[in-house]
Amino acid sequence: MTDSAPPATRAALARTVREAVADVLGTEPDDIRESTDLAGDFGIDSLELMDIGARLETALHTRIPVDDLTGAATVGHAVDLLWARLGRPE
């Protein structure tokens, strides 16, 4: 995961999110899909979710409220919430 400028496209943001999740879970980004339910599919706990949030804050250079990640049903939903938080058009 890089510490460059925030992603310019939703696809790039999705890749950044998948990389952060994969780093924390010790898996490959390709194992994480937009339809992935982290709690249901990987049994992710709150500490792992906080770690993902911290990595994304660093990568995206923005503060991410905990609700943006805990309230997301899937990885794709989290990407949508982050995309809106970054002020990007839908």
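Refer to the structure presented above.
Parameters at a glance
- Residues numbered from 1 in each chain as written.
- Predicted model: local features only at pLDDT ≥ 70, side-chain atom pairs only at ≥ 80, totals over all residues.
- Heavy atoms only, no water.
- Axes fitted to C-alpha atoms, helices over the stretch in contact; angles between N-to-C directions.
- Helix = DSSP H or I, 4+ residues; strand = E, 2+ residues; numbered from the N terminus.
- Parallel < 35°, antiparallel > 145°, perpendicular 65-115°, else oblique.
- Left-handed = near helix turned anticlockwise from the far one by under 90°.
- Contact = heavy atoms within 4.5 Å.
- Nonpolar A, V, L, I, M, F, W, Y, C, P; charged D, E, K, R; others polar.
- Expected span 1.5 Å × (residues − 1).
- Buried < 20%, exposed > 50% of the residue type's maximum accessible area, 1.4 Å probe, protein only.
- Arc of directions from axis to C-beta.

1. What to know about the packing of helix H1 (residues 10-25) against helix H5 (residues 75-85)
Angle between the axes and distance between the axes: these two values describe a pair of packed helices.
Then comes step 1: At a minimum axis distance of 10 Å, the contact between H1 and H5 shows a crossing angle of 120 degrees. Classified by the interaxial angle, the pair formed by H1 and H5 is oblique. Relative to H5, the crossing made by H1 is right-handed. Touching Arg10, Leu13, Ala14 and Val17 of H1 are Val75, Gly76, Val79, Asp80, Leu82 and Trp83, all from H5.
Then comes step 2: Tallied by class, the residues present in the contact of H1 with H5 amount to seven nonpolar, one polar and two charged.

2. Looking at helix H3 (residues 46-60)
Then comes step 1: The first and last C-alpha atoms of H3 sit 21 Å apart over 15 residues, in line with the 21 Å expected at 1.5 Å per residue.
Then comes step 2: By the burial criterion, the buried members of H3 are Leu49, Ile52, Gly53, Leu56, Ala59 and Leu60. Mapping the buried residues of H3 onto a view down its axis gives an arc of 130 degrees, with all of them on the same face. Residues of H3 that are exposed and point more than 90 degrees away from the buried face comprise Leu47 and Met50.

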